[in-house]
Amino acid sequence: QVQLVESGGGLVQAGGSLRLSCAASGRTFSSYAMGWFRQAPGKEREFVAAINWSGGSTYYADSVKGRFTISRDNAKNTVYLQMNSLKPEDTAVYYCAADKDGLRLGVPYEYDYWGQGTQVTVSS
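Residues numbered from 1 in each chain as written. Predicted model: local features only at pLDDT ≥ 70, side-chain atom pairs only at ≥ 80, totals over all residues. Heavy atoms only, no water.

(A) Up close: the overall build of the protein. In terms of regular secondary structure, the protein is built from 0 helices and 11 strands. Reading the secondary structure of the protein in the N-to-C direction produces β-β-β-β-β-β-β-β-β-β-β. Over its C-alpha trace the protein gives a radius of gyration of 13 Å, about what one expects of a compact globule, namely 14 Å for 124 residues. For the protein, the spread of C-alpha atoms along the three principal axes comes to 40 × 25 × 25 Å. When burial is assessed residue by residue, the protein has 43% of its 124 residues classed as buried. Within the protein, residue pairs in contact and separated by at least 24 positions form 58% of the contacts whose partners lie at least 6 positions apart. Here the protein displays about 6,300 Å² of accessible surface, and carbon together with sulfur accounts for 47% of that area. (Helix = DSSP H or I, 4+ residues; strand = E, 2+ residues; numbered from the N terminus. Rg over C-alpha atoms; globule rule 2.2 N^0.38 Å. Buried < 20%, exposed > 50% of the residue type's maximum accessible area, 1.4 Å probe, protein only. Contact = heavy atoms within 4.5 Å. Areas by Shrake-Rupley, 256 points an atom, 1.4 Å probe, with all protein chains shown as cover.)

Quick look at the structure:
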């Protein structure tokens, strides 16, 4: 069992930055691939970024490539999402998730555990 708790969301002006954190419980964190997803009101949950168990491979949605960076610290059981050059269209609830298989990291239903989400609001 893995429990995930996101933090770091908030209100920021367009062009600003935020760093999201996702703290995981359990001693098996390093065996999971981790992903960030987001969901805006009235829209489906969409893939943002993912990282494999070691941190050696990262993946990004085209909409955030070059602006967001995913990283992890297995010693701290934490995954991060550094978000720069934020745009109003980045406004959403951001969720972290853990995937044991790590095969299809862009697919929400492939993930085994989810956090409760943290709100990110970007004003224009």
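That shown, we press on.
(B) The pairing of strand 9 (residues 92–99), seen in detail. Within strand 9, 7 of the 8 residues are buried, which leaves the element mostly enclosed by the surrounding structure. Alignment of strand 4 (residues 33–39) against strand 9, held across 7 bridges, turns out to be antiparallel. Of the residues in strand 9, the one forming a bridge with R38 is Y94. Alignment of strand 9 against strand 11 (residues 118–123), held across 3 bridges, turns out to be antiparallel. Counted as the bridge partner of V93 is Q119 from strand 11. (Pairing = 2+ DSSP bridges.)

(C) Molecular detail of the environment of W114. Note that W114 resides in strand 10 (residues 113–114). Relative accessible area serves as the criterion here: at 27%, W114 is assigned to the partly exposed category. Taking the C-alpha atoms as reference points, W114 and S17, separated by 97 residues in sequence, lie 24 Å from one another. If we skip the residues at most four places from it in the chain, W114 touches L4, F37, R45, Y95, C96, A97 and P108.

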